[in-house]
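Examining the three-dimensional arrangement
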Amino acid sequence: GIADIRVRTTTGGDGKSPGSDSGTGEGATDGGAAGGADANGDVAPPAPWELSGTFRINSLLLEDLCEEIEDQDELKALLQQLHAKVKELQKTVIEQFADAAGVETVNTGTLDQHVSREAFIAHAARVDPLIDEETADDIFSQLCGYPFEKVQKPMDLHIYAHAWVRLANLYSMFAAADGNADFVDIVAQLQLLADKLNGEES
């Protein structure tokens, strides 16, 4: 089965939280993934802040952000760049998903945790107060379906990563409009938001 990689949103202390169901991380190893016993003999989960290997950027979920790119090779290159950037920033993305879902531990392998529409709207306002309820609701609908549709997808971690790309796009546009940042391409927008969330803005 898919490894259940437990992710903690808090650091410090010995890295263990009260009530954690496994102090050893047994069963979380995944086919040659990095990790191993520490000095105490505990087996650490491999790459605890890592999106699973099944994560892909779905162009259909970002269609309106990519609609000006007509050349398929250019689009493919952009999607690859976005994928690489999200993977580079995956610790921040997973921390933000945990904030949105209201959980301390993210199961990056099982994708069994979800963000509700209401929780996402509240989360988007925390990411950037300029993102109003209507805009956040629209982002959720574009990714998971509109309220009037019979079938709506739950927002799991992988879909949230696409929502995060959209939040970064909005944050960047608002910052550029206010004269607080130069307008940058969609890949650089991810770094701009990550820097803001991690307190590294210049």
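Before any of the text, the structure's been laid out above.
This part is about the environment of Asp-112. Its place among the elements puts Asp-112 in the loop between strand S2 (105–107) and helix H4 (117–127). Relative accessible area serves as the criterion here: at 46%, Asp-112 is assigned to the partly exposed category. Sequence separation of Asp-112 and Asp-156 is 44 residues, and the distance between their C-alpha atoms is 7.0 Å. Within the local environment of Asp-112, its side chain forms a polar contact with the side chain of Asn-107, the two groups lying 3.0 Å apart. Within polar-contact distance, the side chain of Asp-112 engages the side chain of Thr-110 at 3.0 Å.

What follows concerns the pattern of salt bridges. Across all of its chains, the model carries five salt bridges by this definition. Of the charged contacts in the structure, one is a salt bridge between Lys-91 and Glu-95, with a shortest N-O distance of 2.9 Å. Separated by four residues within a single helix, Lys-91 and Glu-95 lie in helix H3 (residues 90–101), roughly one turn from each other. By relative accessible area, which is 36% here, Lys-91 ends up partly exposed. Given a relative accessible area of 22%, Glu-95 falls into the partly exposed group.

Let us now look at helix H6 (residues 157–177). For an α-helix the count is 3.6 residues per turn, leaving residues at separations of three or four pointing the same way. Compared with an ideal rise of 1.5 Å per residue, which puts 21 residues at 30 Å, H6 spans 30 Å between its outermost C-alpha atoms and is within 8% of the ideal. Its side-chain oxygen 3.1 Å from the backbone nitrogen of His-158, Asp-156 forms the N-cap of H6.

Axes are the key here: two packed helices are described by the angle between their axes and the distance separating the axes. It is at 8 Å that the axes of H6 and helix H7 (residues 186–197) come closest, and there the two elements cross at 85°. Considered as vectors, H6 and H7 are oriented roughly perpendicular to each other. Residues Trp-164, Val-165, Leu-167, Ala-168, Asn-169, Tyr-171 and Ser-172 of H6 lie in contact with H7, whose contacting residues are Ile-186, Gln-189, Leu-190, Leu-192, Leu-193, Ala-194, Lys-196 and Leu-197. Its residues placed into classes, the contact of H6 with H7 shows eleven nonpolar, three polar and one charged.

Before going further, it helps to spend a moment on the side chain of His-123. One can find His-123 in helix H4. For His-123, a relative accessible area of 0% gives the class buried. Each residue touching His-123, except ones within four places of it in the same chain, is listed here: Gln-96, Asp-99, Ala-100, Tyr-160 and Leu-167.

Relative to the assigned elements, His-158 resides in helix H6. The buried category is assigned to His-158, whose relative accessible area is 11%. Non-local contacts of His-158, meaning those with residues more than four positions away in its chain, are made with Leu-51, Ser-52, Thr-54, Phe-55 and Leu-111.

With that settled, the discussion passes to the packing of aromatic side chains. Following the criterion strictly, the structure yields three aromatic pairs and no others. Arranged with centres 5.7 Å apart and planes meeting at 65°, the rings of Phe-97 and Tyr-160 form a pair that is edge-to-face. Note that Phe-97 is positioned in helix H3 and Tyr-160 in helix H6, a separation of 63 residues in sequence. The buried category is assigned to Phe-97, whose relative accessible area is 1%. A centroid spacing of 5.7 Å and a plane angle of 20° characterise the contact between Tyr-146 and Phe-148, whose relative ring orientation is stacked. According to the relative accessible area criterion, Phe-148 is exposed, its value standing at 69%.

Here is what the cut-offs are and how they apply
Residues numbered from 1 in each chain as written. Predicted model: local features only at pLDDT ≥ 70, side-chain atom pairs only at ≥ 80, totals over all residues. Heavy atoms only, no water. Helix = DSSP H or I, 4+ residues; strand = E, 2+ residues; numbered from the N terminus. Buried < 20%, exposed > 50% of the residue type's maximum accessible area, 1.4 Å probe, protein only. Polar contact = N/O pair within 3.5 Å; in protein donor to acceptor, adjacent residues only side chain to side chain. Salt bridge = Lys/Arg side-chain N within 4 Å of Asp/Glu carboxyl O. Expected span 1.5 Å × (residues − 1). Axes fitted to C-alpha atoms, helices over the stretch in contact; angles between N-to-C directions. Parallel < 35°, antiparallel > 145°, perpendicular 65-115°, else oblique. Contact = heavy atoms within 4.5 Å. Nonpolar A, V, L, I, M, F, W, Y, C, P; charged D, E, K, R; others polar. Phe/Tyr/Trp six-rings, centres within 6.5 Å; stacked < 30°, edge-to-face > 60°.

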